[in-house]
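Listed here are the chains, written in short residue letters.
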Amino acid sequence: MPDIRNALRAMTPWLALIIVVIALDQLTKAWVLESYSIIYDGRIEVAFFFDLVLAFNRGAAFSFLADRSGWQHWFFAVLALAVSAWLLALTWQHRYERLLPSAFALIIGGAIGNVIDRFNHGAVVDFLSFHAGPYYWPAFNLADSAIVLGVVLMLIGQFRAKKTTDTPPENPA
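Structure report, in brief. What you see is a predicted model; the values in this text were computed from it and never measured. (Residues numbered from 1 in each chain as written. Predicted model: local features only at pLDDT ≥ 70, side-chain atom pairs only at ≥ 80, totals over all residues. Heavy atoms only, no water.)

1. Some points on the environment of tyrosine 36
- By the secondary structure assignment, tyrosine 36 is in the loop between α1 (2–35) and β1 (43–47).
- Look at tyrosine 36 and you get partly exposed, because its relative accessible area is 35%.
- With 17 residues separating them in the primary sequence, tyrosine 36 and valine 53 have C-alpha atoms 8.2 Å apart.
- Leaving out residues up to four positions away in the same chain, tyrosine 36 has contacts with Gly42 and Leu54. (Helix = DSSP H or I, 4+ residues; strand = E, 2+ residues; numbered from the N terminus. Buried < 20%, exposed > 50% of the residue type's maximum accessible area, 1.4 Å probe, protein only. Contact = heavy atoms within 4.5 Å.)

Have a look at this one:
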């Protein structure tokens, strides 16, 4: 019994990180939705390269499949939940590590935050808009940022693991 307690205790930080990402994502989106009346012409200029906007993305990244009839809503929700379940299993496998479970937790939290939007609003709420002059990056949100950071950390973890396991074969001579 102590082994399972220790294993569950090792999961606590990762589950907490998932909850924090979801909560921060939903709080920031709620703030933007409430504050939309103060967003002039659909945009608040915060800095010369950054604006707050209100956009509803019915598709995936870069509005992929946003123009479809609605089936993509369910497809992306089911996909996000399936990937989150798989990443939660990987988190369990790596629960005593730091980097990979952090990466998985960020991705899970971001994915679930966006799934909540799909059910509550029929689309993902995006509001962060970066640009260089007239060239704009598509608007995104905190959940998207968590997912990207998680993927970057996951890649770093994979490169580190490859580096440590790629040792030259010993010379039998």
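2. Some details on helix α3 (residues 99–121)
- With 23 residues, α3 extends 33 Å from end C-alpha to end C-alpha; this agrees with the ideal 33 Å at 1.5 Å per step.
- Taken from the residues just after α3, glycine 122 is the one with a positive phi, measuring 75 degrees. (Expected span 1.5 Å × (residues − 1).)

3. Some points on the packing of aromatic side chains
- According to the stated counting rule, one finds four aromatic pairs in the structure shown.
- A ring pair is formed by phenylalanine 50 and phenylalanine 130, whose centres lie 4.7 Å apart and whose planes are at 35 degrees; its orientation type is tilted. Within this pair, whereas phenylalanine 50 is found in strand β2 (residues 50–57), its partner phenylalanine 130 is found in strand β3 (residues 124–132), the two being separated by 80 residues in sequence.
- By relative accessible area, which is 14% here, phenylalanine 50 ends up buried.
- A ring pair is formed by phenylalanine 130 and phenylalanine 140, whose centres lie 5.8 Å apart and whose planes are at 15 degrees; its orientation type is stacked. Of this pair, phenylalanine 130 sits in strand β3 while phenylalanine 140 sits in the loop between β4 (135–136) and α4 (142–165), and the two are 10 residues apart along the sequence.
- Given a relative accessible area of 32%, phenylalanine 130 falls into the partly exposed group.
- Residue classification places phenylalanine 140 among the buried residues on the basis of a relative accessible area of 17%.
- Members of the aromatic cluster, connected to one another through ring pairs, are Phe48, Phe49, Phe50, Phe130 and Phe140.
- One cation-aromatic arrangement involves arginine 95 over tryptophan 92; the distance from NZ or CZ to the ring centre is 4.0 Å. (Phe/Tyr/Trp six-rings, centres within 6.5 Å; stacked < 30°, edge-to-face > 60°. Lys NZ or Arg CZ within 6 Å of the ring centre and 35° of its normal.)

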